[in-house]
Amino acid sequence: WNKCVTTSLLVLFMPSCTSSPGVGPGVLHFEDTYSQRLQFFNSPDSLAAEAFHVDLIVEDTIRRVRTSLKNQNDTLSFYPLFQGSSSVSFQVLEQKDNWYKIYTDDIIGVSHWLYVDDREKESWRSFWPTVKYVFSDDQSNPVRDNPSDNAKAYQLKSRRLCLRVLEVSGAWLKVQNAPERCPGAYVIREEFEGFLRWKKDGEVLINFRM
């Protein structure tokens, strides 16, 4: 389950449980200083009826994200890969000119189309080093000493590690413990480096903070 909520950023991302198109080519970011509306459609057609929209609202120094979805009983839901109050980021599954097919519900794999003409998607390779830190489930996806599923798994509480991404190599991230990125008594302080698998079989395996 790759959904995180903070007070700073919003991102979307994750494949369907039944038929996965893969993780896609990258991520779209919306982290602007002006208010704007993002409209989502069921097909790449600007004449089609809007499925729903998300407003990125900037009022003086206050930023927030608001959707047109009313409550949990709505037919649609909005659970991005990462959600905060100052911006939005989405996992790109497909691109047709300025239309981007993205996940709008990363829990059950629902996707919609979004039209944008003022930015380009960011590749996974350039995206991962920009996040504050990453973490995963210790049992199903532990930190290893080499980028291989058969490599030694470190017996660590990965949720107590602030793992900075050093390099991206295919499905693996080379990571380093960086406790200064998430200060707190619960954080493991000692130096540590290893490898963490971030995708497998079209699914993103890790969580992160921006």
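Residues numbered from 1 in each chain as written. Predicted model: local features only at pLDDT ≥ 70, side-chain atom pairs only at ≥ 80, totals over all residues. Heavy atoms only, no water.

Draft legend 1. Spatial organisation of the state of the cysteines. Scanning all chains against the criterion turns up one disulfide. Covalently, cysteine 162 is tied to cysteine 182 through a disulfide, its sulfur atoms 1.1 Å apart. Of the two residues, cysteine 162 sits in the loop between strand S11 (133–135) and strand S12 (163–169) while cysteine 182 sits in the loop between strand S13 (172–177) and strand S14 (193–197), which places them 20 residues apart along the sequence. Owing to a relative accessible area of 7%, cysteine 182 belongs among the buried residues under this scheme. (Disulfide = S-S within 2.5 Å. Helix = DSSP H or I, 4+ residues; strand = E, 2+ residues; numbered from the N terminus. Buried < 20%, exposed > 50% of the residue type's maximum accessible area, 1.4 Å probe, protein only.)

Draft legend 2. Fine view of the pairing of strand S8 (residues 99–105). Among the seven residues that make up S8, six are buried, leaving the element largely enclosed by the rest of the structure. For strand S7 (residues 88–96) and S8, the ladder comprises four bridges, and the chain directions are antiparallel. In the strand pairing of S8, lysine 96 is matched with tryptophan 99. Linking two consecutive strands that pair antiparallel, namely S7 and S8, is a turn of two residues; a positive phi of about 55° is found at aspartate 97 within it. Bridging between S8 and strand S9 (residues 110–115) involves six bridges; their strand directions are antiparallel. The residue of S9 that forms the bridge with aspartate 105 is valine 110. The loop that links S8 with its antiparallel partner S9 comprises four residues; one of these, glycine 109, has a positive phi angle of about 80°. (Pairing = 2+ DSSP bridges.)

Draft legend 3. Quick look at the pattern of salt bridges. Counted under the stated rule, the structure contains six salt bridges. Between aspartate 55 and arginine 37 there is a salt bridge whose closest N-O contact spans 2.7 Å. Within this pair, whereas aspartate 55 is found in strand S4 (residues 52–59), its partner arginine 37 is found in strand S3 (residues 36–41), the two being separated by 18 residues in sequence. (Salt bridge = Lys/Arg side-chain N within 4 Å of Asp/Glu carboxyl O.)

Draft legend 4. Highlighting the pairing of S7. The sheet contact formed by strand S2 (residues 26–30) and S7 spans five bridges and is antiparallel. Bridge pairing links histidine 29 to serine 89 in S7.

Draft legend 5. Seen up close, the side chain of arginine 197. Position of arginine 197 among the secondary structure elements: in strand S14. Here the side chain of arginine 197 touches aspartate 149 through a polar contact of 3.0 Å, side chain to side chain. Within polar-contact distance, the side chain of arginine 197 engages the backbone oxygen of lysine 199 at 2.8 Å. (Polar contact = N/O pair within 3.5 Å; in protein donor to acceptor, adjacent residues only side chain to side chain.)

Draft legend 6. Representation of unusual backbone geometry. Of note, aspartate 97 is a non-glycine position whose phi angle comes to about 55°, a positive value. Following the sequence through the fold, aspartate 97 ends up in the loop between S7 and S8. For aspartate 97, a relative accessible area of 69% puts it in the exposed group. The residue aspartate 201 is not glycine, and still its phi comes out positive at about 50°. Looking at the element boundaries, aspartate 201 is found in the loop between strand S15 (199–200) and strand S16 (203–204).

Draft legend 7. Representation of the nonpolar core within the structure. Ranked by internal contacts, the top residues of the largest apolar core, which has 23 residues, are Trp128, Val134, Leu163, Leu173, Trp198, Ile206 and Phe208. Listing elements by their share of this core, those giving two or more residues are helix H1 (124–127), S12 and S13. Here this core takes three residues from S12, the largest share from any one element. Apart from residues lying up to four places away in sequence, leucine 163 is in contact with Tyr133, Val134, Val143, Val175, Gln176, Asn177, Phe192 and Leu196. The next biggest cluster of nonpolar side chains, apart from the first, holds 16 residues, and it includes Val54, Leu69, Phe90 and Val116. (Core = buried A, V, L, I, M, F, W, Y, C linked by side-chain atoms within 4.5 Å. Contact = heavy atoms within 4.5 Å.)

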